[in-house]
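Inside the fold
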Amino acid sequence: MSTRSALVAAGKVYQTGGISQRVKQISISAIKEMPLIACKVGDCVSLGQGIPSFPTPSHIVEAVCSVMRKDPHAGKYTLGPGMPQLREAVAGRLSVHIGRPVDPDTEICITVGAMEALLASILTVVERGDEVILPSPNYASHIEQVLLAEGVPVFAPLFVEDWQLNVEAIRDAITPRTKALILCNPHNPTGANFSEAALRDLAALARAHELFVISDETYDFLVYDNQPHFSLTSMPELKDRLIATFSFSKKYAMTGWRVGYVYSSAALLDHIMKIHDAAAICAPSLSQHAALEALQGPQDCVHEIRLALAARRDLACERLDRMVDFFDYIKPQGAYYLMARYRVPGVDSMEFALRLLREARVVTIPGGAFGPAGENHIRLSFGGTEAEINQAFDRIERWLAGNPFAEKI
Ligand SMILES: Cc1ncc(COP(=O)(O)O)c(C=O)c1O
């Protein structure tokens, strides 16, 4: 069943005339749609949307409460690109990370999460008919955002044996209409941490073909097993064609605060800012105060989140290992997702995920939502607590014991 027909079935789509083609061709991503359906089903446990279980650290909450009590202006609009102190803190942190200066006044804009940063970036460089390469499977919203810009998503598969970047597949996907490529590393939905060598090859390709690179760095802090993480932002030679988007959501358990930022050359940011102004005016001011405290306050919370998620990854992998007859997967190296490939022929991932939801009451995301290379998989998030993860896998095990696909296998 397609995402749209699932929505129709859930009573969420209404037919009306006059809707723009631009909007008609996009849909709410399955990541957000599955929890909506789960609400109707009731009593579900989630391995679905990537919401980490952690509360926002208390020093961040306290800082916001305090600024609200003390500063009568705290609830007002800030400057469009964000509070100067926050941009300075962001630029300071980023310049250490990338090893060269970052100008807080011309190269940073605070946004409504990475999501707004991504949309503004894509709308800035993609126009009708432009092709945009997505190494696939890929984050579902990148597809909808490219379509909203009237661009054409072009899927270049990752290597299936380890979900690493297949630079040759990307090279093969380039045509005279190719304008940009969008990359997320560490990777949602596969949990891959792309190698420096492949990223450098990709950067060389982008330069040779004069492509823009939109680098989604939402999980930049989250790699496991002491591996190195390489960011395209550390390559000065790519700077003129690179737009990097960042998020406070996962690193500081602030998904609902809706704050992130975009980093690019001043020449690009001038244009991105126009979209930000038209869409949001500024990021929520209280969330900007929260982000400032997140950057300036103690960082143990980030370390604790990383450690807890590493343990949850191991738990999810152990539980999947008990179901080897039914699933295989590649152990995630970063972020908090994995793609589990199910061995049931003739069942698409939407049907699989919907049956799992309705019959076992476990929320997962159908792999097809992440592009064609995601088919025959479900994406599992291990952002929930260990108790939730165990409960979800207990339910899946019980469901499978009942042989739900007897007619197929
Ligand atoms: C790859 C990726 N990019 C962007 C986002 C959105 O981040 P934010 O909450 O900062 O808008 C997410 C959220 O899950 C994500 O996984």
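Structure first, text after, so check above.
Below is a summary of the structure that appears in this document. Residue positions within a chain follow its written sequence, with the count starting from 1. In view of the model being predicted, local features appear only for residues whose pLDDT reaches at least 70, and side-chain atom pairs are presented and counted only at 80 or more, with totals across whole chains, interfaces and linings using the full set of residues. Computation of side-chain values covers all heavy atoms of the structure but excludes hydrogens and water.

Side note on the pattern of salt bridges
Salt bridges are defined as contacts in which a side-chain nitrogen from Lys or Arg sits within 4 Å of a carboxyl oxygen from Asp or Glu. Inspection of every chain in the model, using the stated rule, returns 19 salt bridges. Residue Lys179 pairs with Glu127 through a salt bridge whose shortest N-O separation is 3.9 Å. Here Glu127 lies in the loop between α6 (113-125) and β3 (131-136) and Lys179 lies in strand β5 (residues 178-184), a separation of 52 residues in the sequence. Only protein chains enter the accessibility calculation, which uses a 1.4 Å probe; a residue is then buried when its area is under 20% of its type maximum, exposed when over 50%, and partly exposed in between. Given the relative accessible area of 22%, Lys179 is considered partly exposed. Given a relative accessible area of 52%, Glu127 falls into the exposed group. Taking the shortest distance from any N to any O, the salt bridge between Arg341 and Asp328 comes out at 2.9 Å. Here the residue Arg341 occupies a position in strand β10 (residues 337-342), and Asp328 occupies one in strand β9 (residues 327-329), the gap between them amounting to 13 residues. Salt bridges sharing common partners tie together Glu127, Asp130, Arg177 and Lys179. Only DSSP runs of H or I reaching four residues or more are called helices, and only runs of E reaching two or more are called strands; each is numbered from the N terminus.

Some thoughts on the sheet that holds strand β13 (residues 377-381)
Note on pairing: DSSP must find at least two bridges between two strands before they are called paired. Read across the open sheet, the 4 strands follow the order β9-β10-β13-β12; overall the sheet is antiparallel. Each of the sheet's edge strands pairs with one partner strand only, and the pair in question is β9 and β12 (365-366). Here β9 pairs with β10 via 3 bridges, running antiparallel. Residue pairing across strands places Tyr329 opposite Ala340, the latter belonging to β10.

Observations regarding the nonpolar core
Leu232, Phe248, Phe327 and Phe352 are the most contacted members of the largest nonpolar core, which has 111 residues in total. In terms of residue count, helix α12 (residues 300-321) provides more of this core than any other element does, 8 residues in total. Phe352 has contacts with Phe326, Phe327, Tyr342, Val344, Val347, Ile378, Trp399 and Phe405, leaving out every residue within four places of it along the chain. Judged by nonpolar contacts, the second largest core, of 23 residues, contains Val125, Ile143, Ile243 and Met273. Definition used in this section: a nonpolar core is a set of buried Ala, Val, Leu, Ile, Met, Phe, Trp, Tyr and Cys residues joined via side-chain atoms within 4.5 Å. Throughout, a residue-residue contact means that at least one pair of heavy atoms, one from each residue, lies within 4.5 Å.

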